[in-house]
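Observations on chain architecture
Given next are the chains, with one letter for each unit.
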Amino acid sequence: MNLGKQQSDGSASGPFTYYRAPATLRRRIRAAISRAESPRPAWWRNLGWMGPAIGFACASLMTANVLILASIPSKQERLAEDVLGSHLRAMMTERAIDVESSEQHTVKPWYAGKLDFSPPVTDFAREGFALAGGRVDYVDGRTVAALVYRHRRHVIDVFVWPAQGAGASQLVQRRGYNIVHWKRDGLAYWAASDVEAVELRRLETLIEAAGAM
Amino acid sequence: MSDSTQAERFQQLAMPHMDAAYNLARWLTGNSHDAEDVTQEAFLRAFRFFGSFRGEDARTWLLTIVRNTYYTQYRKARSRDESTEFNEDLHSLDDGGSLPAMGRADGDPLSIVGRADDLRLLDQALQELPEDYREALVLREVEDLSYKEIAATMAVPMGTVMSRLARGRELLMKTFQRLGGEHHEPRQAAIRRIR
């Protein structure tokens, strides 16, 4: 029954193939395990934030050419990515709209049972931004409202959630998409789309004007 | 014990057995792509459950996780259940109804040391065996585990291991003959040798 089996050093060869783990797999698993452990407190994390800082600096350099407002803080950077990610996912999955209606009195109550705040919902069809509906989404660790507008053949997502403070409107461009962010009356707004930046600004103005009425 | 020493301990303990884990995964899945996925998932699971590792044999522990990963995750995703495929060799054996003789080491197809063609056919024959037999044979003949270790890995009694090995060898031989006997005349010599 002894088959002259190969030894663990692989020097001898048995009748069957012994498949050895590829080096790439080894590296991948090592990396995956160190990633799995990294969220936990570890001694090396006390060494400081040089590593992440250097990584962030490199990432910033790479995206600097598409970043119009380079002064946006890192939190905003991350949120912009989150918002764009949600927008793109919604476009891809064709689940962009949970409640499909151009009627603001349908869309607004729909949110009542789903959110702990009430987003302003206004149709701007006459101004060229038709309300198509809304959905709830998940951004920045919380449930948010995502209002869906159509402008010509484009879709615009306007994400709304409660936020402290106020700030000037900001425009970010990522991978050919425009993202406009502003705050008003305790709500943060993030509009994301592939429409021209000037069109997003127009929608922002419309929403602001509606809120001021 | 801090988490970092836990991770270091895991690396020291588990990494040396990555070949064994991959080898089993490769034989179970039948291809390298899925084998890599199963191995990686198994290692991540093992790391997650490292706290429950009680210092038993690390290789057996890891191989158990590999096979569990394969059976619970990978295989569930596959609609095809290869163990229910019709297999002529299996059926003719079942119809015979007799358990293969346990001590027939001389009739062991694995004792052949033949040409590259024969070895390739042996690989192919093993890959075609139903999972239970293939797994037992891989652990025994490729991974060189003891019966006891195989029983622990597959979570079956020792007697089951032995009957699976015996029946697996019988099936392997039949499959090998079928594969080899169909094409080339010269291979008959090799087959006669393994009988």
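Residues numbered from 1 in each chain as written. Chains lettered and ligands numbered in written order. Predicted model: local features only at pLDDT ≥ 70, side-chain atom pairs only at ≥ 80, totals over all residues.

Thoughts on the overall build of chain A
Here is the rule: Helix and strand assignments follow DSSP, with helices taken as H or I runs no shorter than four residues and strands as E runs no shorter than two, numbered in order from the N terminus. Any residue pair is listed as a contact if its two C-beta atoms, each placed from the backbone, are within 7 Å.
In terms of helices and strands, chain A carries five helices and seven strands. Going residue by residue from the N terminus, the α and β elements of chain A occur as α-α-α-β-α-β-β-β-β-β-β-α. Contacts in chain A between residues far apart in sequence, at least 24 positions, make up 51% of those at least 6 positions apart.

Digging into the overall build of chain B
Test applied: Around each residue's C-beta, the other C-beta atoms within 10 Å are counted; 20 or more make the residue buried, 12 or fewer make it exposed, and counts in between make it partly exposed. All C-beta atoms are placed from the backbone.
A count of helical and extended segments in chain B gives ten helices and zero strands. The order of helices and strands in chain B, counted from the N terminus, is α-α-α-α-α-α-α-α-α-α. Taken across its 195 residues, chain B has 36% of its residues classed as buried. Taking all contacts inside chain B whose residues are at least 6 apart in sequence as the whole, residues at least 24 apart take part in 72%.

Section: the sheet that holds strand S4 (residues 154-162) of chain A
Note on sheets: strands pair through backbone hydrogen bonds, and any given pair is parallel or antiparallel. Residues and elements named next belong to chain A. This is how it is decided: A pair of strands is labelled paired if DSSP reports no fewer than 2 bridges between them. Note on geometry: axes are lines fitted to C-alpha atoms, helical ones only across the stretch in contact, with angles between N-to-C directions running from 0 to 180 degrees.
Taken together, the seven strands give an open sheet; going across it, the order is S1-S2-S3-S4-S7-S6-S5, and neighbouring strands pair in antiparallel fashion. The sheet is open, and its two borders are formed by strand S1 (99-100) and strand S5 (170-174), each paired with just one other strand. Note that S1 and strand S2 (residues 130-139) share two bridges and pair antiparallel. The partner of Glu100 across the bridge, within S2, is Gly133. Helix H4 (residues 104-112) contacts S1, S2 and strand S3 (142-151) of the sheet and is inclined by roughly 15° relative to S2.

Section: the confidence of the model for chain B
Residues and elements named next belong to chain B. As a reminder of what qualifies: A score between 0 and 100, pLDDT records how confident the predictor is in each residue.
With 68% of its residues at a pLDDT of 70 or more, chain B has an overall mean of 76. Predicted confidence is poor over residues 79-107, with pLDDT under 50, and the contacts of this stretch with residues over four places away or in other chains come to 19 contacts. Low pLDDT (under 50) marks residues 181-195, which in the prediction has 17 contacts with non-local residues, meaning those over four places away or in another chain. As a predicted assembly, this complex carries a pTM of 0.47 together with an ipTM value of 0.74.

Description of the packing of helix H2 (residues 18-29) of chain B against helix H3 (residues 32-48) of chain B
If you want to describe how two helices pack, look at the angle between their axes and the distance between the axes. Residue and element names in this part refer to chain B. Using the following cut-off: Roughly parallel covers angles under 35 degrees, roughly antiparallel covers those over 145, roughly perpendicular covers 65 to 115, and oblique covers all other angles. What makes a crossing left-handed is the near helix being turned counterclockwise from the far one by less than a right angle; a clockwise turn instead makes it right-handed. Three residue categories are used. Nonpolar comprises Ala, Val, Leu, Ile, Met, Phe, Trp, Tyr, Cys and Pro, charged comprises Asp, Glu, Lys and Arg, and polar comprises the others, including Gly.
Where H2 meets H3, the closest approach of the two axes is 8 Å, and the angle between their N-to-C directions is 135°. Relative to H3, the element H2 lies oblique. As for the relative orientation of H2 and H3, their crossing is right-handed in sense. Touching Ala21, Tyr22, Ala25, Arg26 and Thr29 of H2 are Ser32, Asp34, Ala35, Val38, Thr39 and Ala42, all from H3. Classifying every residue of the contact of H2 with H3 gives six nonpolar, three polar and two charged.

What about the packing of helix H7 (residues 131-142) of chain B against helix H8 (residues 147-154) of chain B?
All names here are of chain B. Interhelical geometry of H7 versus H8 gives an angle of 140° and a closest axis separation of 10 Å. One finds that H7 runs oblique with respect to H8. Note on packing geometry: the crossing formed by H7 with H8 is right-handed. Taking contact as the criterion, the partners of Glu135, Ala136, Leu139 and Arg140 in H7 are, on H8, Ile150, Thr153 and Met154. For the contact of H7 with H8, a count of residues per class yields four nonpolar, one polar and two charged.

As for the nonpolar core
Threshold: Note on terminology: a nonpolar core is a set of buried residues of type Ala, Val, Leu, Ile, Met, Phe, Trp, Tyr or Cys, with members joined through C-beta atoms within 7 Å. Domain delimitation follows an automatic or database domain assignment.
One finds Ala21, Leu24, Ala25, Leu62, Val66, Leu137 and Leu172 of chain B to be the most contacted residues of the largest nonpolar core, which totals 47 residues. Mapped by element, the contributors of at least two residues to this core are helix H1 (23-37) of chain A together with H2, H3, helix H4 (58-74), helix H6 (116-128), H7, H8 and helix H9 (158-181) of chain B. It is H2 of chain B that contributes the most residues to this core, eight residues altogether. Taken domain by domain, the makeup of this core includes at least three residues from each of domain 1 (3-77) and domain 2 (87-194) of chain B. Apart from residues lying up to four places away in sequence, Leu24 of chain B is in contact with Leu63, Val66, Arg67, Val138 and Glu143 of chain B. Leu79, Ala80, Tyr111 and Val148 of chain A belong to the second largest nonpolar core, which has 33 residues in total.

Some points on H4 of chain B
Note the threshold: To estimate the expected span of a helix, count its residues, drop one, and scale the result by 1.5 Å.
Taking 1.5 Å of rise per residue, 17 residues should cover 24 Å, and H4 of chain B covers 23 Å from first to last C-alpha, within 8% of that figure. Burial in H4 of chain B covers these residues: Thr60, Trp61, Leu62, Leu63, Ile65, Val66, Arg67, Thr69 and Tyr70 of chain B.

Quick word on the pairing of S5 of chain A
When a strand is regular, its side chains alternate between the sheet's two faces. Residue and element names in this part refer to chain A. Here five bridges tie S5 to strand S6 (residues 177-184), and the two strands are oriented antiparallel to one another. Bridge assignment links Gln173 to a residue of S6, and that residue is Asn178. Where S5 folds back onto S6 in an antiparallel hairpin, the turn is made up of two residues, including Arg175, whose phi is positive at roughly 45°.

Some details on the pairing of S3 of chain A
Residue and element names in this part refer to chain A. Across nine bridges, the pairing between S2 and S3 is antiparallel. If you follow Tyr138 over to S3, its bridge partner there is Thr143. Here S2 folds back onto S3, and the loop between the two strands holds two residues, one of which, Asp140, carries a positive phi near 55°. As paired strands, S3 and S4 are joined by seven bridges and run antiparallel to one another. Its bridge partner being in S4, Ala146 is matched across the sheet by Phe159. Counted between consecutive antiparallel strands, the loop separating S3 from S4 contains two residues, among which Arg152 sits at a positive phi close to 55°.

Remarks on the environment of Leu200 of chain A
All names here are of chain A. For Leu200, the location among the structural elements is in helix H5 (residues 197-212). Separated by 21 residues in sequence, Leu200 and Ile179 have C-alpha atoms that sit 7.9 Å apart. If we ignore the near neighbours within four places in the chain, the residues touching Leu200 are Asn178, Val180, Ala191, Ser193 and Val195.

Examining unusual backbone geometry
Positive phi values are uncommon outside glycine, yet Arg175 of chain A reaches one of about 45°. Here Arg175 of chain A is to be found in the loop between S5 and S6.

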